[in-house]
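Descriptive analysis of the structure
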Amino acid sequence: MTVLVSGGSKCGKSRYAEDIISKSGIDKKYYIATMQPFGEEAHLAIERHRKMREGKGFLTLEQYTDIEKAEISLQSAVLIECIGNLCANEMFSDSAVEDPVSRIVSGIRKLSERAGLLVIVTNEVFSDGIEYESGTMEYIKAMGEINSRISAFADVVTECVYGIPVAVKGDV
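Residues numbered from 1 in each chain as written. Predicted model: local features only at pLDDT ≥ 70, side-chain atom pairs only at ≥ 80, totals over all residues. Heavy atoms only, no water.

**Some details on the overall build of the protein chain**
The helix and strand inventory of the protein chain stands at five helices and seven strands. Against the 2.2 N^0.38 benchmark of 16 Å for 172 residues, the protein chain shows a C-alpha radius of gyration of 15 Å, consistent with a compact globule. For the protein chain, the spread of C-alpha atoms along the three principal axes comes to 45 × 35 × 30 Å. Excluding contacts between residues fewer than 6 apart, the proportion of contacts in the protein chain whose partners are at least 24 apart in sequence is 75%. Approximately 9000 Å² of the protein chain is accessible, and the part contributed by carbon and sulfur atoms is 50%. Each charge sign in the protein chain was given a centre, from 19 positive and 26 negative side chains, and these centres are 6 Å apart. (Helix = DSSP H or I, 4+ residues; strand = E, 2+ residues; numbered from the N terminus. Rg over C-alpha atoms; globule rule 2.2 N^0.38 Å. Contact = heavy atoms within 4.5 Å. Areas by Shrake-Rupley, 256 points an atom, 1.4 Å probe, with all protein chains shown as cover. Lys, Arg positive; Asp, Glu negative; His and termini not counted. Charge placed at Lys NZ, Arg CZ, Asp CG, Glu CD.)

**Examining the pattern of salt bridges**
Pairs can form between side chains of opposite charge once their charged atoms are near each other. Enumeration over the complete set of coordinates arrives at four salt bridges. The closest approach of N and O atoms between Glu18 and Lys56, which form a salt bridge, is 3.0 Å. One end of the pair, Glu18, is in helix α1 (residues 13-22); the other, Lys56, is in the loop between α2 (39-53) and β3 (58-62), with 38 residues separating them in the sequence. Look at Glu18 and you get buried, because its relative accessible area is 0%. Residue Glu90 is joined to Arg103 by a salt bridge in which the shortest nitrogen-to-oxygen separation is 3.4 Å. Residue Glu90 is located in helix α3 (residues 83-92), and its partner Arg103 is located in helix α4 (residues 100-114); the two are separated by 13 residues in the primary sequence. Glu90 gets classed as buried once you look at its relative accessible area, which sits at 1%. Ionic contacts of the salt-bridge type, sharing partners, join the residues Asp66, Glu90 and Arg103 into one network. (Salt bridge = Lys/Arg side-chain N within 4 Å of Asp/Glu carboxyl O. Buried < 20%, exposed > 50% of the residue type's maximum accessible area, 1.4 Å probe, protein only.)

Here you go:
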């Protein structure tokens, strides 16, 4: 099963995604961390997420790019945190690729074929209505395309709104 969890900043999507994995009954659990630790704010966010999943039995894999290369056991439970960081890494790192959207979606699909449960956390970055500089607009467009393509093959799509999970497609 593939589950896409979307929402704005600090809306409870990570907690909800971890709860899905924890309640799955699958013993082998992976947390694929995509945030590169640049700066104090990133370190604080990483530490907050580590505390949230403490004692839940996750094996953390740091995979900043090339998501398809994450080594997971067959039929395991996998949480990817998050597509926003992965997209930025694929687009703006020294090893940026020409088509990050296809690379990310293809990698997610490959992981979904190996995992028993794949829960993907992504960001809703489209509703502020502000026109940004071209690089940021390119990123927002890529995120929209990635989220749309993953939603198409995901079994479940949920949006977290003020800490409340709202089913968009399917149900956990």
